[in-house]
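Architecture at a glance
One-letter residues, chain by chain:
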Amino acid sequence: MQISSPFDLVLFGGLGDLARRKLLPALYMLDLDQRLPAGHIVLVSRQQMDADALAQWLRQQVQPHLSSTVFEAERWQAFCQRVHLHTMDAADLDGYRAMAAELSGGNNRVFYLATGSDLFTPICEGLHQADLIDPDSKVVLEKPIGHDLASAQQINQAVESYFEESQIYRIDHYLGKETVQNLMVLRFANSLFEHQWNHKYIDHIQISITESLGVESRAGFYDHVGATRDMFQNHLLQLLCITAMEPPARLEPDAIRDEKVKVLRALRPVLGSSISEHVVRGQYDAGVSEGKPVPGYREEPGIDAKSHTETFVAAKVHIDNWRWAGVPFYLRTGKRLAERACEIVVHFKEIPHSIFPLQHKNTMANKLVFRLQPDEGIRLMLCEKKVGPGMNVRPMNLSLNPANLKQTRVPEAYERLLFDVLSGNATLFLRHDELMEAWHWIDPILRGWDELEQRPEPYTSGSWGPAAATLLLAKDGRLWDESS
Ligand code: BG6
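Residues numbered from 1 in each chain as written. Predicted model: local features only at pLDDT ≥ 70, side-chain atom pairs only at ≥ 80, totals over all residues. Heavy atoms only, no water.

**Some words on the overall build of the protein chain**
Regarding its fold elements, the protein chain presents 15 helices and 17 strands. In summary, the protein chain has a C-alpha radius of gyration of 23 Å against a globular reference of 23 Å for 484 residues, a match within 12%. By residue count, 54% of the 484 residues in the protein chain fall in the buried class. Sequence-distant contacts, at least 24 apart, represent 76% of the contacts inside the protein chain between residues at least 6 apart. (Helix = DSSP H or I, 4+ residues; strand = E, 2+ residues; numbered from the N terminus. Rg over C-alpha atoms; globule rule 2.2 N^0.38 Å. Buried < 20%, exposed > 50% of the residue type's maximum accessible area, 1.4 Å probe, protein only. Contact = heavy atoms within 4.5 Å.)

And the structure:
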């Protein structure tokens, strides 16, 4: 699909971490693949830079995030010509008025708010007062939207007074990952899996997003947010929804979002004393990561030496509906863990009885693994006969790896999502009610931690997180899937 109308993409937080690491590289890739129509990219920042300094910034801060195999000097130069900087403060109305002169006047105008969500209201107000919003404009809101349920409600209400719901794209880049879409195809295009996808055949499901990096250069943002708001409230709950939702009636944005909302509404509330029983939070101490000694979270530059912000969170979650009754979902995410990986692992129930000698039935339980990173692919673990005499059983993997099979580049999540915004496809973006339901479930947990003054449990950098997370599964006679 090609987008025909020229666009203006106005990126607030234009010189920020997300812009340089993800958004600008994704726009370059779309341009390289000739999927980006004519148009301007306006980076909005308080920082001032002339054209030469901007070109240098693009070279030093963005170019290193492109793989050398996709870098073409001429195309890069042409791409950089499309990028402009607009210096202003989010609270400065004159800045918005001056912005109008930099826009093409076309009707595909996208305002991408890659700033803290406390700025969303003043930015929308400024755009409105400078008359920059028309009925075809779109606004993209980066997560986390709000700090809790009340602030999320306030921010959404404010944004919705300037934009219709159909113009609002609440982004969660995990939904743009190839394997997440493949999960939907696998579930809803194959009767083989869908028949097994319930409490009769599934023992439990684990969803993990583990990172080996620490807080890096984002201390200012992260210390106010923590792992629950940064990753759990959005990425992990969205992966849970896609894994657990009922088949939507159509492949249409609202049909899919209706099903995701039903999952969120069916989450069993975690309240009061069950918080510490079902949710574990941790904070990394010094240790060794990828062979190098690394400091603890509280020793990182810019982090409060007494910070109680969690860098790890794990939870046991129940979905109270017919399909999932009695099936626990174990979710976890953390920084400075043993390795970077993201997997959804569906553990099927063990066979009722093993006829094979020396083989306990629980070692023969099938697993279906959706791996989102670092490499994307799907693997079904089955049992087969070990070649040779006797009747010995061993595990084997049936693998589907999109990159290996087709020898094609798997596009980054932001490439797909930015293209979807420019072409007006909201399927992979969150609707108002989804966001609110997610906050509704998380809010009592955050409040409970505050009220009980519960502190995160320390864990060593380079480990798999705090001991309490291991215990969370061990109490149920289970283990986390720790490496693949
Ligand atoms: C972002 C979080 O949404 O996702 C970061 O703010 C995190 O803290 C990042 O590192 C992980 O994304 P990915 O695609 O690299 O797994």
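**Details of the nonpolar core**
Side chains of a nonpolar character, in soluble globular proteins, are inclined to be buried together. One finds Phe12 and Tyr112 to be the most contacted residues of the largest nonpolar core, which totals 145 residues. Sort the elements by how many residues they give to this core and helix H9 (residues 219–244) lands first, with 12 residues. Each residue touching Phe12, except ones within four places of it in the same chain, is listed here: Val44, Met88, Tyr96, Met99, Phe111, Tyr112, Leu113, Ala114, Thr115, Ile123 and Leu127. (Core = buried A, V, L, I, M, F, W, Y, C linked by side-chain atoms within 4.5 Å.)

**Some words on the sheet that holds strand S4 (residues 108–113)**
The sheet built from 6 strands is open, its strands ordered S3-S2-S1-S4-S5-S6 with parallel pairing. Every other strand in the sheet has two partners, leaving strand S3 (83–87) and strand S6 (168–170) as the edge strands with one partner each. Across the sheet, the mean angle separating the axes of adjacent strands is 20 degrees when strand polarity is ignored. The pairing of strand S1 (residues 7–12) with S4 spans 6 bridges and is classified as parallel. Looking at the pairing, Val10 lines up with Phe111 of S4. (Pairing = 2+ DSSP bridges. Axes fitted to C-alpha atoms, helices over the stretch in contact; angles between N-to-C directions.)

**Brief notes about the site of the ligand**
Close to the ligand lie 13 residues, the nearest being Lys143, Tyr174, Glu211, Asp230 and Gln373. Note that an oxygen atom of the ligand is positioned 2.7 Å from one of the side-chain N or O atoms of Lys143. At a separation of 2.9 Å, an oxygen atom of the ligand approaches a polar side-chain atom of Lys335. Contact with the protein chains removes 87% of the 400 Å² of surface that the ligand exposes when unbound. A per-element tally of the shell around the ligand places H9 first, with 3 residues. Among the residues making up the shell around the ligand, the classes are represented as 2 nonpolar, 3 polar and 8 charged. (Near = heavy atom within 4 Å. Polar contact = N/O pair within 3.5 Å; in protein donor to acceptor, adjacent residues only side chain to side chain. Areas by Shrake-Rupley, 256 points an atom, 1.4 Å probe, with all protein chains shown as cover. Nonpolar A, V, L, I, M, F, W, Y, C, P; charged D, E, K, R; others polar.)

**A short note on the packing of helix H10 (residues 253–266) against helix H14 (residues 432–452)**
The angle between the axes and the distance between the axes are what describe a pair of packed helices. Relative to each other, H10 and H14 sit at 15 degrees, their axes nearing to 9 Å. When the axis of H10 is compared with that of H14, the two are roughly parallel. Handedness of the H10/H14 crossing: left-handed. Note on element contacts: H14 touches H10 through Asp433, Glu434, Glu437 and Ala438, opposite Arg257, Lys260, Val261, Leu264 and Arg265. Class assignment of the residues belonging to the contact of H10 with H14 gives a composition of 3 nonpolar, no polar and 6 charged. (Parallel < 35°, antiparallel > 145°, perpendicular 65-115°, else oblique. Left-handed = near helix turned anticlockwise from the far one by under 90°.)

**Looking at helix H7 (residues 178–189)**
With 12 residues, H7 extends 16 Å between its outermost C-alpha atoms, agreeing within 8% with the 16 Å of an ideal straight helix rising 1.5 Å per residue. Those residues of H7 not exposed but buried are Thr179, Val180, Gln181, Leu183, Met184, Leu186 and Arg187. (Expected span 1.5 Å × (residues − 1).)

**Description of the pairing of strand S13 (residues 341–348)**
Of all 8 residues that make up S13, 8 are buried, and the element is covered over most of its length. Covered by surrounding structure in S13 are Ala341, Glu343, Val345 and His347 together with Cys342, Ile344, Val346 and Phe348, the residues of both alternating faces. By the bridge criterion, 8 bridges tie strand S7 (residues 202–210) to S13 in an arrangement that is antiparallel. Following the sheet pairing, Ile202 is matched in S13 by Phe348. Sheet analysis places S13 next to strand S14 (residues 367–373), joined by 6 bridges and oriented antiparallel. Paired with Cys342 across the two strands is Gln373, which belongs to S14.

**Some thoughts on H9**
At Gly226, H9 shows its strongest bend, of approximately 100 degrees. For H9, the buried fraction is high: 23 of the 26 residues fall into the buried class. (Bend = angle between axes of the 7 residues up to and from the residue.)

**Some points on the environment of Tyr162**
Topologically, Tyr162 is positioned in the loop between helix H6 (149–160) and S6. Along the sequence, Tyr162 and Val139 sit 23 residues apart, while their C-alpha atoms lie 9.9 Å from each other. When sequence neighbours within four positions are dropped, the list of residues in contact with Tyr162 reads Cys124, Glu125, His128 and Ile133.

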